[in-house]
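Overview (structure and organization)
Take a look at the letters that make up each chain.
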Amino acid sequence: MTARPGSPAGVRWGTSAGRWVLVATVLGSGLVFLDGTSSNVALPAIDAELGAGVTGLQWTINAYTLALASLILLGGSLSDRFGRRRVFILGTAWFAVASVLCGLAPTTELLIVARALQGIGGALLTPGSLAIVQASFVPEHRARAVGAWSGLSGIAAAGGPLLGGWLVDVWTWRLIFLTNLPVALVVVIVAARHVPDGGGPHEQGRLDVVGAGLGALGLGLTTWALIELGEGAPSVAAWTAGAAGLLAITAFVVAQRRRAHPMLPLELFTSRQFVGANLVTLLVYAVLGAVFFLLFLQLQEVLGYSAMQAGAAVMPITGLLLVLSARAGALTERVGPRLPMTAGPLLLAVGLLLLTRVDAGAGYVTAVLPAVTVLGLGLALTVAPLTATALSAVAPRHVGTASGVNNAIARIGGLLAVAALPPLAGIRGGALQDAAAFSAGFSNAMVISAALATAGALLGWTLIRAGADVPAPSAAPASHHHCALQAPPLSPPADHRS
(Lines give C-alpha, C1' and ligand atoms only; values in the text may rest on other atoms or scores of the structure.)
Protein backbone atom coordinates (compact mmCIF):
# COMPACT_ATOMS: atom_id res chain seq x y z
CA MET A 1 0.00 0.00 0.00
CA THR A 2 1.04 3.59 -0.48
CA ALA A 3 0.92 5.92 2.49
CA ARG A 4 -0.20 9.44 1.67
CA PRO A 5 -0.14 12.34 4.10
CA GLY A 6 -3.48 12.56 5.76
CA SER A 7 -4.51 9.04 4.74
CA PRO A 8 -6.66 7.50 7.48
CA ALA A 9 -5.71 3.93 6.60
CA GLY A 10 -3.10 2.30 8.80
CA VAL A 11 0.18 1.12 7.32
CA ARG A 12 1.38 -2.44 7.71
CA TRP A 13 4.72 -3.89 8.76
CA GLY A 14 6.96 -4.96 5.87
CA THR A 15 5.41 -2.60 3.32
CA SER A 16 7.16 0.31 1.66
CA ALA A 17 4.77 2.69 3.43
CA GLY A 18 5.73 1.25 6.80
CA ARG A 19 9.42 1.46 6.02
CA TRP A 20 9.11 5.13 5.03
CA VAL A 21 7.35 5.95 8.31
CA LEU A 22 10.13 4.23 10.26
CA VAL A 23 12.85 5.98 8.25
CA ALA A 24 11.41 9.41 9.04
CA THR A 25 10.66 8.81 12.72
CA VAL A 26 13.84 6.90 13.57
CA LEU A 27 16.07 9.46 11.86
CA GLY A 28 14.17 12.29 13.55
CA SER A 29 14.35 10.90 17.06
CA GLY A 30 17.87 9.69 16.34
CA LEU A 31 18.95 13.31 15.78
CA VAL A 32 17.90 14.18 19.34
CA PHE A 33 19.31 11.03 20.94
CA LEU A 34 22.58 11.21 19.00
CA ASP A 35 23.10 14.87 19.84
CA GLY A 36 22.41 14.20 23.51
CA THR A 37 25.14 11.56 23.76
CA SER A 38 27.72 12.84 21.26
CA SER A 39 28.01 16.41 22.55
CA ASN A 40 29.44 15.36 25.93
CA VAL A 41 32.54 13.89 24.34
CA ALA A 42 33.21 17.26 22.65
CA LEU A 43 33.33 19.24 25.90
CA PRO A 44 37.13 19.37 26.23
CA ALA A 45 37.46 20.55 22.62
CA ILE A 46 34.80 23.22 23.17
CA ASP A 47 36.63 24.43 26.27
CA ALA A 48 39.95 24.51 24.43
CA GLU A 49 38.58 26.60 21.54
CA LEU A 50 36.09 28.87 23.29
CA GLY A 51 37.54 29.01 26.81
CA ALA A 52 34.19 27.91 28.23
CA GLY A 53 35.40 26.79 31.66
CA VAL A 54 33.39 24.48 33.90
CA THR A 55 30.42 26.87 34.11
CA GLY A 56 30.27 27.34 30.34
CA LEU A 57 30.37 23.58 29.79
CA GLN A 58 27.61 23.06 32.36
CA TRP A 59 25.40 25.48 30.46
CA THR A 60 26.34 23.94 27.10
CA ILE A 61 24.72 20.73 28.33
CA ASN A 62 22.02 22.23 30.52
CA ALA A 63 20.65 24.82 28.09
CA TYR A 64 19.69 21.98 25.76
CA THR A 65 18.37 19.73 28.53
CA LEU A 66 16.43 22.55 30.19
CA ALA A 67 14.50 23.46 27.04
CA LEU A 68 13.84 19.82 26.20
CA ALA A 69 12.71 18.82 29.70
CA SER A 70 10.47 21.82 30.31
CA LEU A 71 8.76 21.90 26.90
CA ILE A 72 8.45 18.25 25.87
CA LEU A 73 4.93 17.86 27.30
CA LEU A 74 3.82 21.06 25.56
CA GLY A 75 5.36 19.72 22.36
CA GLY A 76 3.18 16.63 22.63
CA SER A 77 0.09 18.77 23.12
CA LEU A 78 0.98 20.84 20.05
CA SER A 79 1.31 17.62 18.05
CA ASP A 80 -2.14 16.50 19.11
CA ARG A 81 -3.71 19.87 18.31
CA PHE A 82 -2.04 20.93 15.06
CA GLY A 83 -1.13 17.57 13.55
CA ARG A 84 1.70 15.23 14.43
CA ARG A 85 3.35 15.30 11.02
CA ARG A 86 3.21 19.09 10.82
CA VAL A 87 4.75 19.64 14.26
CA PHE A 88 7.29 16.85 13.67
CA ILE A 89 8.48 18.55 10.48
CA LEU A 90 8.54 21.96 12.17
CA GLY A 91 10.57 20.56 15.08
CA THR A 92 13.02 18.85 12.74
CA ALA A 93 13.58 22.02 10.71
CA TRP A 94 13.94 24.08 13.91
CA PHE A 95 16.44 21.55 15.28
CA ALA A 96 18.45 21.69 12.05
CA VAL A 97 18.68 25.49 12.01
CA ALA A 98 19.66 25.55 15.69
CA SER A 99 22.30 22.87 15.00
CA VAL A 100 23.87 25.08 12.34
CA LEU A 101 23.93 27.96 14.82
CA CYS A 102 25.69 25.65 17.31
CA GLY A 103 28.23 24.64 14.70
CA LEU A 104 29.00 28.25 13.78
CA ALA A 105 28.90 29.76 17.29
CA PRO A 106 31.96 31.99 17.81
CA THR A 107 31.57 32.32 21.59
CA THR A 108 30.43 30.23 24.53
CA GLU A 109 27.46 32.53 25.12
CA LEU A 110 26.14 32.14 21.58
CA LEU A 111 26.70 28.38 21.73
CA ILE A 112 24.58 28.20 24.90
CA VAL A 113 21.76 30.19 23.23
CA ALA A 114 21.90 27.92 20.18
CA ARG A 115 21.81 24.83 22.39
CA ALA A 116 18.65 26.14 24.07
CA LEU A 117 17.09 26.62 20.63
CA GLN A 118 18.11 23.05 19.79
CA GLY A 119 16.26 21.85 22.89
CA ILE A 120 13.09 23.63 21.75
CA GLY A 121 13.31 21.86 18.39
CA GLY A 122 13.85 18.56 20.16
CA ALA A 123 10.78 19.17 22.33
CA LEU A 124 8.71 19.69 19.18
CA LEU A 125 9.90 16.71 17.18
CA THR A 126 10.49 14.04 19.84
CA PRO A 127 6.92 13.51 21.15
CA GLY A 128 5.54 13.28 17.62
CA SER A 129 8.10 10.69 16.56
CA LEU A 130 6.75 7.77 18.58
CA ALA A 131 3.17 9.05 18.34
CA ILE A 132 3.40 8.91 14.52
CA VAL A 133 4.59 5.30 14.68
CA GLN A 134 1.80 4.31 17.04
CA ALA A 135 -0.91 6.13 15.08
CA SER A 136 0.29 5.09 11.60
CA PHE A 137 0.58 1.31 11.94
CA VAL A 138 -2.40 -1.02 12.13
CA PRO A 139 -2.95 -2.35 15.69
CA GLU A 140 -1.67 -5.85 14.97
CA HIS A 141 1.68 -4.48 13.73
CA ARG A 142 2.06 -1.60 16.16
CA ALA A 143 4.11 -3.42 18.81
CA ARG A 144 6.64 -4.58 16.21
CA ALA A 145 6.93 -1.07 14.79
CA VAL A 146 7.37 0.50 18.25
CA GLY A 147 10.03 -2.08 19.05
CA ALA A 148 11.90 -1.28 15.84
CA TRP A 149 11.64 2.47 16.55
CA SER A 150 12.98 2.01 20.06
CA GLY A 151 15.81 -0.33 19.11
CA LEU A 152 17.01 1.72 16.14
CA SER A 153 16.77 4.98 18.08
CA GLY A 154 18.73 3.32 20.87
CA ILE A 155 21.47 2.37 18.43
CA ALA A 156 21.72 6.03 17.40
CA ALA A 157 22.11 7.04 21.03
CA ALA A 158 24.56 4.23 21.71
CA GLY A 159 26.84 5.23 18.85
CA GLY A 160 26.83 8.91 19.81
CA PRO A 161 30.01 9.02 21.92
CA LEU A 162 32.05 7.06 19.38
CA LEU A 163 30.80 9.05 16.38
CA GLY A 164 31.18 12.34 18.25
CA GLY A 165 34.72 11.49 19.28
CA TRP A 166 35.65 10.56 15.74
CA LEU A 167 34.26 13.82 14.35
CA VAL A 168 36.17 15.83 16.96
CA ASP A 169 39.43 14.05 16.16
CA VAL A 170 39.21 14.16 12.35
CA TRP A 171 38.16 17.81 12.15
CA THR A 172 36.34 19.78 14.83
CA TRP A 173 33.63 19.57 17.47
CA ARG A 174 31.53 21.82 15.25
CA LEU A 175 30.97 18.94 12.84
CA ILE A 176 28.90 17.14 15.49
CA PHE A 177 26.25 19.83 15.07
CA LEU A 178 26.66 20.62 11.36
CA THR A 179 26.10 16.99 10.30
CA ASN A 180 22.56 17.26 11.67
CA LEU A 181 21.57 19.45 8.70
CA PRO A 182 21.64 16.85 5.87
CA VAL A 183 19.97 14.23 8.08
CA ALA A 184 17.23 16.68 9.04
CA LEU A 185 16.70 17.55 5.37
CA VAL A 186 16.09 13.87 4.59
CA VAL A 187 13.66 13.62 7.50
CA VAL A 188 11.64 16.64 6.35
CA ILE A 189 11.40 15.38 2.74
CA VAL A 190 10.44 11.82 3.72
CA ALA A 191 7.94 12.97 6.36
CA ALA A 192 6.26 15.43 4.01
CA ARG A 193 5.86 12.81 1.29
CA HIS A 194 5.26 9.55 3.13
CA VAL A 195 4.10 10.08 6.74
CA PRO A 196 0.35 10.06 7.47
CA ASP A 197 -0.88 12.89 9.66
CA GLY A 198 -2.64 12.55 13.00
CA GLY A 199 -4.15 14.85 15.56
CA GLY A 200 -5.65 18.18 14.55
CA PRO A 201 -8.17 20.82 15.39
CA HIS A 202 -10.63 18.26 16.80
CA GLU A 203 -8.50 17.95 19.93
CA GLN A 204 -10.17 19.56 22.92
CA GLY A 205 -8.95 21.99 25.59
CA ARG A 206 -6.63 24.96 25.54
CA LEU A 207 -2.89 24.61 25.35
CA ASP A 208 -1.31 24.91 28.78
CA VAL A 209 1.07 27.72 27.84
CA VAL A 210 1.01 29.10 31.39
CA GLY A 211 2.06 25.72 32.80
CA ALA A 212 4.85 25.36 30.26
CA GLY A 213 6.11 28.87 31.02
CA LEU A 214 6.07 28.39 34.78
CA GLY A 215 7.81 25.03 34.48
CA ALA A 216 10.55 26.42 32.23
CA LEU A 217 11.00 29.49 34.44
CA GLY A 218 11.20 27.41 37.62
CA LEU A 219 13.72 24.95 36.21
CA GLY A 220 15.78 27.70 34.56
CA LEU A 221 16.07 29.88 37.65
CA THR A 222 16.82 26.90 39.90
CA THR A 223 19.50 25.63 37.53
CA TRP A 224 21.13 29.05 37.22
CA ALA A 225 21.14 29.45 41.01
CA LEU A 226 22.77 26.05 41.54
CA ILE A 227 25.52 26.77 39.01
CA GLU A 228 26.08 30.31 40.30
CA LEU A 229 26.21 29.21 43.96
CA GLY A 230 28.75 26.58 43.03
CA GLU A 231 31.14 29.18 41.65
CA GLY A 232 32.16 30.55 45.03
CA ALA A 233 30.75 32.85 47.69
CA PRO A 234 26.93 32.85 47.68
CA SER A 235 25.49 35.97 46.07
CA VAL A 236 22.20 37.73 46.71
CA ALA A 237 21.30 37.30 43.04
CA ALA A 238 21.83 33.53 43.17
CA TRP A 239 19.78 33.08 46.34
CA THR A 240 17.05 35.31 44.91
CA ALA A 241 16.97 33.34 41.67
CA GLY A 242 16.79 30.08 43.59
CA ALA A 243 13.88 31.31 45.70
CA ALA A 244 12.09 32.65 42.62
CA GLY A 245 12.63 29.30 40.88
CA LEU A 246 11.04 27.41 43.76
CA LEU A 247 8.12 29.85 43.76
CA ALA A 248 7.64 29.33 40.02
CA ILE A 249 7.64 25.55 40.49
CA THR A 250 5.07 25.91 43.27
CA ALA A 251 2.94 28.14 41.03
CA PHE A 252 3.24 25.49 38.30
CA VAL A 253 1.80 22.83 40.62
CA VAL A 254 -1.04 25.15 41.67
CA ALA A 255 -1.80 25.98 38.03
CA GLN A 256 -1.92 22.29 37.11
CA ARG A 257 -4.45 21.65 39.89
CA ARG A 258 -6.77 24.38 38.62
CA ARG A 259 -6.70 23.82 34.86
CA ALA A 260 -9.36 21.72 33.15
CA HIS A 261 -6.78 20.39 30.68
CA PRO A 262 -3.40 20.55 32.45
CA MET A 263 -0.10 19.79 30.78
CA LEU A 264 0.67 17.51 33.75
CA PRO A 265 -2.43 15.77 35.22
CA LEU A 266 -1.65 15.59 38.94
CA GLU A 267 -3.97 12.60 39.32
CA LEU A 268 -1.09 10.52 37.97
CA PHE A 269 0.72 11.05 41.26
CA THR A 270 -2.02 9.40 43.30
CA SER A 271 -0.38 6.11 42.27
CA ARG A 272 2.35 5.11 44.70
CA GLN A 273 3.86 2.90 41.99
CA PHE A 274 4.06 5.83 39.57
CA VAL A 275 5.58 8.12 42.20
CA GLY A 276 8.14 5.48 43.18
CA ALA A 277 9.15 4.77 39.60
CA ASN A 278 9.65 8.46 38.87
CA LEU A 279 11.63 9.11 42.06
CA VAL A 280 13.98 6.28 41.11
CA THR A 281 14.12 7.70 37.56
CA LEU A 282 15.08 11.11 38.93
CA LEU A 283 18.00 9.70 40.93
CA VAL A 284 19.23 7.21 38.32
CA TYR A 285 19.28 9.79 35.53
CA ALA A 286 20.83 12.36 37.84
CA VAL A 287 23.67 9.89 38.28
CA LEU A 288 23.88 9.33 34.53
CA GLY A 289 23.91 13.06 33.79
CA ALA A 290 26.75 13.64 36.23
CA VAL A 291 28.78 10.63 35.08
CA PHE A 292 28.64 11.39 31.37
CA PHE A 293 29.34 15.07 31.94
CA LEU A 294 32.45 14.37 34.06
CA LEU A 295 33.74 11.04 32.75
CA PHE A 296 34.61 12.29 29.26
CA LEU A 297 36.44 15.24 30.81
CA GLN A 298 38.33 12.90 33.16
CA LEU A 299 39.33 10.54 30.37
CA GLN A 300 40.57 13.33 28.09
CA GLU A 301 41.94 15.92 30.51
CA VAL A 302 43.49 13.59 33.11
CA LEU A 303 44.16 10.27 31.35
CA GLY A 304 45.10 11.85 28.02
CA TYR A 305 42.59 10.01 25.84
CA SER A 306 41.66 11.40 22.45
CA ALA A 307 38.00 12.25 21.90
CA MET A 308 37.45 9.07 19.89
CA GLN A 309 39.21 6.93 22.51
CA ALA A 310 37.01 8.46 25.20
CA GLY A 311 33.89 7.71 23.16
CA ALA A 312 35.02 4.13 22.58
CA ALA A 313 35.85 3.68 26.27
CA VAL A 314 32.17 3.90 27.29
CA MET A 315 30.81 1.67 24.51
CA PRO A 316 30.47 -1.32 26.89
CA ILE A 317 27.74 0.64 28.73
CA THR A 318 25.62 1.22 25.66
CA GLY A 319 26.40 -2.22 24.25
CA LEU A 320 25.20 -3.94 27.41
CA LEU A 321 22.08 -1.76 27.43
CA LEU A 322 21.16 -2.77 23.90
CA VAL A 323 21.89 -6.47 24.45
CA LEU A 324 20.41 -6.96 27.92
CA SER A 325 17.58 -4.44 28.30
CA ALA A 326 14.98 -6.67 26.61
CA ARG A 327 16.06 -9.58 28.82
CA ALA A 328 15.75 -7.36 31.87
CA GLY A 329 12.23 -6.52 30.75
CA ALA A 330 11.40 -10.22 30.50
CA LEU A 331 12.89 -10.79 33.97
CA THR A 332 10.69 -8.02 35.33
CA GLU A 333 7.62 -9.72 33.88
CA ARG A 334 8.53 -12.89 35.79
CA VAL A 335 9.64 -11.52 39.18
CA GLY A 336 8.07 -8.05 39.23
CA PRO A 337 9.83 -4.68 39.15
CA ARG A 338 10.81 -4.38 42.82
CA LEU A 339 13.89 -6.62 42.75
CA PRO A 340 15.40 -5.26 39.48
CA MET A 341 14.75 -1.66 40.58
CA THR A 342 16.63 -2.37 43.79
CA ALA A 343 19.50 -4.48 42.45
CA GLY A 344 20.06 -2.29 39.37
CA PRO A 345 20.80 0.95 41.24
CA LEU A 346 22.98 -0.97 43.70
CA LEU A 347 25.06 -2.25 40.77
CA LEU A 348 25.26 1.35 39.54
CA ALA A 349 26.62 2.37 42.94
CA VAL A 350 29.31 -0.32 42.73
CA GLY A 351 30.30 0.82 39.23
CA LEU A 352 30.49 4.43 40.38
CA LEU A 353 32.78 3.50 43.25
CA LEU A 354 34.96 1.59 40.77
CA LEU A 355 35.23 4.81 38.73
CA THR A 356 37.09 6.43 41.62
CA ARG A 357 40.05 4.24 40.51
CA VAL A 358 40.09 5.98 37.10
CA ASP A 359 42.93 8.44 37.68
CA ALA A 360 46.13 9.54 35.98
CA GLY A 361 48.08 6.50 34.83
CA ALA A 362 45.18 4.07 35.27
CA GLY A 363 44.93 1.37 32.62
CA TYR A 364 41.79 0.82 30.56
CA VAL A 365 41.54 -2.93 31.18
CA THR A 366 42.33 -2.73 34.88
CA ALA A 367 40.38 0.41 35.84
CA VAL A 368 38.04 1.83 33.17
CA LEU A 369 36.64 -1.39 31.69
CA PRO A 370 35.53 -3.00 35.00
CA ALA A 371 33.79 0.21 36.05
CA VAL A 372 31.90 0.82 32.80
CA THR A 373 30.96 -2.87 32.58
CA VAL A 374 29.35 -2.85 36.03
CA LEU A 375 27.65 0.45 35.17
CA GLY A 376 26.27 -1.09 31.99
CA LEU A 377 24.95 -4.11 33.85
CA GLY A 378 23.30 -1.88 36.44
CA LEU A 379 21.65 0.29 33.80
CA ALA A 380 20.46 -2.71 31.79
CA LEU A 381 18.81 -4.11 34.90
CA THR A 382 17.24 -0.74 35.81
CA VAL A 383 16.00 1.02 32.66
CA ALA A 384 13.39 -1.49 31.44
CA PRO A 385 11.68 -1.89 34.85
CA LEU A 386 11.65 1.89 35.32
CA THR A 387 9.86 2.42 32.02
CA ALA A 388 7.44 -0.47 32.35
CA THR A 389 6.53 0.38 35.97
CA ALA A 390 5.90 4.05 35.25
CA LEU A 391 3.60 3.22 32.33
CA SER A 392 1.75 0.30 33.92
CA ALA A 393 0.96 2.29 37.07
CA VAL A 394 -1.53 4.61 35.33
CA ALA A 395 -4.84 4.16 33.55
CA PRO A 396 -4.51 3.37 29.82
CA ARG A 397 -5.85 6.79 28.80
CA HIS A 398 -2.85 8.42 30.54
CA VAL A 399 -0.08 6.18 29.16
CA GLY A 400 1.12 8.77 26.63
CA THR A 401 1.25 11.53 29.23
CA ALA A 402 2.91 9.22 31.78
CA SER A 403 5.58 8.40 29.20
CA GLY A 404 6.25 12.10 28.64
CA VAL A 405 6.37 12.77 32.38
CA ASN A 406 8.84 9.93 32.92
CA ASN A 407 11.07 11.24 30.14
CA ALA A 408 10.90 14.82 31.41
CA ILE A 409 11.80 13.71 34.95
CA ALA A 410 14.76 11.74 33.60
CA ARG A 411 16.07 14.86 31.88
CA ILE A 412 15.39 17.04 34.92
CA GLY A 413 17.48 14.63 36.99
CA GLY A 414 20.41 15.07 34.61
CA LEU A 415 19.85 18.84 34.46
CA LEU A 416 20.02 19.30 38.24
CA ALA A 417 22.96 16.92 38.66
CA VAL A 418 25.10 18.68 36.04
CA ALA A 419 24.31 21.99 37.77
CA ALA A 420 24.80 20.93 41.40
CA LEU A 421 27.21 18.00 41.54
CA PRO A 422 30.44 19.53 40.15
CA PRO A 423 30.59 22.34 42.75
CA LEU A 424 29.57 19.93 45.53
CA ALA A 425 32.50 17.73 44.52
CA GLY A 426 34.92 20.68 44.42
CA ILE A 427 35.00 21.17 40.62
CA ARG A 428 34.81 24.91 40.00
CA GLY A 429 36.02 27.65 37.66
CA GLY A 430 39.53 26.79 36.52
CA ALA A 431 39.53 23.13 37.60
CA LEU A 432 40.03 22.03 33.99
CA GLN A 433 43.46 23.71 34.02
CA ASP A 434 44.56 21.66 37.04
CA ALA A 435 44.39 17.93 36.26
CA ALA A 436 45.07 16.85 39.84
CA ALA A 437 42.35 19.09 41.26
CA PHE A 438 39.85 17.99 38.63
CA SER A 439 40.65 14.32 39.26
CA ALA A 440 40.11 14.74 43.00
CA GLY A 441 36.77 16.41 42.28
CA PHE A 442 35.84 13.61 39.88
CA SER A 443 36.48 11.02 42.58
CA ASN A 444 34.33 12.99 45.04
CA ALA A 445 31.55 13.27 42.45
CA MET A 446 31.53 9.50 41.88
CA VAL A 447 31.20 8.87 45.63
CA ILE A 448 28.28 11.33 45.84
CA SER A 449 26.70 9.71 42.77
CA ALA A 450 27.08 6.27 44.37
CA ALA A 451 25.17 7.58 47.39
CA LEU A 452 22.40 8.85 45.07
CA ALA A 453 22.22 5.47 43.33
CA THR A 454 21.99 3.72 46.69
CA ALA A 455 19.16 6.06 47.67
CA GLY A 456 17.43 5.06 44.43
CA ALA A 457 17.78 1.40 45.39
CA LEU A 458 16.23 2.08 48.80
CA LEU A 459 13.33 3.93 47.18
CA GLY A 460 12.83 1.06 44.74
CA TRP A 461 12.67 -1.47 47.58
CA THR A 462 10.40 0.73 49.70
CA LEU A 463 7.93 2.15 47.19
CA ILE A 464 7.71 -0.38 44.36
CA ARG A 465 5.42 -3.37 44.58
CA ALA A 466 5.45 -6.47 42.43
CA GLY A 467 2.24 -5.52 40.63
CA ALA A 468 1.12 -2.21 39.18
CA ASP A 469 -1.59 -0.31 40.98
CA VAL A 470 -3.44 0.80 37.88
CA PRO A 471 -6.35 3.04 38.79
CA ALA A 472 -9.80 1.80 37.89
CA PRO A 473 -11.07 3.25 34.61
CA SER A 474 -13.30 6.25 35.04
CA ALA A 475 -16.83 6.23 33.74
CA ALA A 476 -16.23 9.67 32.33
CA PRO A 477 -14.98 10.14 28.79
CA ALA A 478 -11.25 9.83 28.37
CA SER A 479 -9.51 13.14 28.83
CA HIS A 480 -7.16 14.68 26.33
CA HIS A 481 -3.67 13.24 26.37
CA HIS A 482 -0.73 12.99 24.07
CA CYS A 483 2.00 10.54 23.29
CA ALA A 484 5.46 11.64 24.21
CA LEU A 485 8.55 9.51 24.48
CA GLN A 486 8.23 5.81 25.09
CA ALA A 487 10.81 6.02 27.84
CA PRO A 488 13.94 7.82 28.94
CA PRO A 489 16.88 7.67 26.53
CA LEU A 490 18.17 4.23 25.58
CA SER A 491 14.95 2.47 26.53
CA PRO A 492 14.39 -1.08 25.33
CA PRO A 493 11.59 -2.04 22.99
CA ALA A 494 8.23 -2.16 24.63
CA ASP A 495 4.68 -2.89 23.62
CA HIS A 496 2.74 0.11 24.77
CA ARG A 497 0.10 2.14 23.07
CA SER A 498 -1.38 5.52 23.65
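Residues numbered from 1 in each chain as written. Predicted model: local features only at pLDDT ≥ 70, side-chain atom pairs only at ≥ 80, totals over all residues. Heavy atoms only, no water.

Inspection of every chain in the model, using the stated rule, returns three aromatic pairs. Judged by centre distance (6.2 Å) and plane angle (85 degrees), the rings of Trp 173 and Phe 177 are edge-to-face. Overall, the relative accessible area of 2% leaves Phe 177 in the buried class. Stacked on the ring of Trp 461, the Lys or Arg Arg 338 has its end atom at 3.8 Å from the ring centre. (Phe/Tyr/Trp six-rings, centres within 6.5 Å; stacked < 30°, edge-to-face > 60°. Buried < 20%, exposed > 50% of the residue type's maximum accessible area, 1.4 Å probe, protein only. Lys NZ or Arg CZ within 6 Å of the ring centre and 35° of its normal.)

The set of residues buried in helix H2 (residues 43-50) consists of Leu 43, Pro 44, Ile 46, Asp 47 and Leu 50. Buried residues of H2, viewed axially, fall in a sector of 160 degrees; they line one side. At its buried positions, H2 is contacted by helix H3 (53-82), helix H5 (108-136), helix H8 (174-178) and helix H12 (272-302). Backbone geometry just after H2 places Gly 51 at a positive phi near 60 degrees. (Helix = DSSP H or I, 4+ residues; strand = E, 2+ residues; numbered from the N terminus. Arc of directions from axis to C-beta. Contact = heavy atoms within 4.5 Å.)

Summarising the element assignment, Phe 438 is placed in helix H18 (residues 435-463). On the accessibility criterion, Phe 438 (1% relative accessible area) is buried. Between the C-alpha atom of Phe 438 and that of Pro 422, which follows or precedes it by 16 residues, the distance is 9.7 Å.

We now examine the environment of Phe 269. Within the secondary structure, Phe 269 sits in the loop between helix H11 (236-258) and H12. Take Phe 269: its relative accessible area is 32%, and that puts it in the partly exposed class. Put simply, Phe 269 and Ala 402 are 133 residues apart on the chain and 9.9 Å apart in space, counted from C-alpha to C-alpha. Not counting chain neighbours up to four residues away, the residues in contact with Phe 269 comprise Leu 264, Phe 274, Val 275 and Val 405.

A few words now on the packing of H3 against H5. One can describe the packing of H3 onto H5 by two numbers: an axis separation of 6 Å at closest approach and a directional angle of 30 degrees. When the interaxial angle is binned, H3 and H5 end up roughly parallel. As for the relative orientation of H3 and H5, their crossing is right-handed in sense. When its residues are assigned to classes, the contact of H3 with H5 shows 16 nonpolar, 11 polar and one charged. (Axes fitted to C-alpha atoms, helices over the stretch in contact; angles between N-to-C directions. Parallel < 35°, antiparallel > 145°, perpendicular 65-115°, else oblique. Left-handed = near helix turned anticlockwise from the far one by under 90°. Nonpolar A, V, L, I, M, F, W, Y, C, P; charged D, E, K, R; others polar.)

This part takes up the pattern of salt bridges. What the rule picks out here adds up to two salt bridges. Note that Asp 35 is salt-bridged to Arg 115, the shortest N-O span being 2.6 Å. With a gap of 80 residues between them, Asp 35 in helix H1 (residues 16-38) and Arg 115 in helix H5 connect regions that are remote in the sequence. Arg 115 carries the same exposure label as Asp 35, and that label is buried. Between Arg 174 and Glu 49 there is a salt bridge, and its shortest N-O distance comes to 2.8 Å. Here Glu 49 lies in helix H2 and Arg 174 lies in helix H8, a separation of 125 residues in the sequence. The class for Arg 174 is buried, based on a relative accessible area of 15%. (Salt bridge = Lys/Arg side-chain N within 4 Å of Asp/Glu carboxyl O.)

It is worth spelling out the nonpolar core at this point. Formed by 95 residues in total, the largest nonpolar core has its most connected members in Leu 299, Leu 352, Leu 355 and Phe 438. Per-element tally for this core: the top contributor is H12, with 18 residues. Discounting chain neighbours no more than four positions away, the residues touching Phe 438 are Leu 294, Leu 297, Gln 298, Val 302, Ile 427, Ala 431 and Leu 432. Formed by 29 residues, the second largest nonpolar core is a distinct cluster that contains Leu 22, Ala 145, Trp 149 and Val 195. (Core = buried A, V, L, I, M, F, W, Y, C linked by side-chain atoms within 4.5 Å.)

Between H1 and helix H7 (residues 160-170), the least distance of the axes is 8 Å, while the angle of their chain directions is 65 degrees. By the criterion of interaxial angle, the relationship of H1 to H7 is roughly perpendicular. Relative to H7, the crossing made by H1 is right-handed. Contacts from Leu 34, Thr 37 and Ser 38 in H1 reach Gly 160, Pro 161, Leu 163 and Gly 164 in H7. Looking at the contact of H1 with H7, its residues break down into three nonpolar, four polar and no charged.

Across the chain, the average pLDDT comes to 82, with 87% of residues at or above 70. Taken as a whole, residues 1-8 scores under 50 in pLDDT and shows 23 contacts with residues more than four places along the chain or in a different chain. In this model, residues 468-498 is a region of pLDDT below 50 whose contacts with residues beyond four sequence positions or in other chains number 109 contacts. (pLDDT = per-residue confidence, 0-100.)

Here Thr 15 shows up in the segment before H1. At 3.1 Å, the side chain of Thr 15 forms a polar contact with the backbone nitrogen of Gly 18. (Polar contact = N/O pair within 3.5 Å; in protein donor to acceptor, adjacent residues only side chain to side chain.)

Let us look at a nonpolar patch on the surface. On the surface, Trp 20, Val 23, Leu 27, Val 183 and Val 186 cluster together to form a nonpolar patch covering roughly 340 Å² of accessible area. Taken together, the elements giving at least two residues each to the nonpolar patch come down to H1 and helix H9 (180-194). Considering every element that reaches the nonpolar patch, the biggest residue donor is H1, with three residues. Mapped onto the elements of the fold, Trp 20 is located in helix H1. Among the residues examined, Trp 20 registers a relative accessible area of 35% and is labelled partly exposed. (Patch = residues over 30% accessible without salt bridge, like charges linked within 9 Å, V, L, I, M, F, W, Y side chains within 5 Å. Areas by Shrake-Rupley, 256 points an atom, 1.4 Å probe, with all protein chains shown as cover.)

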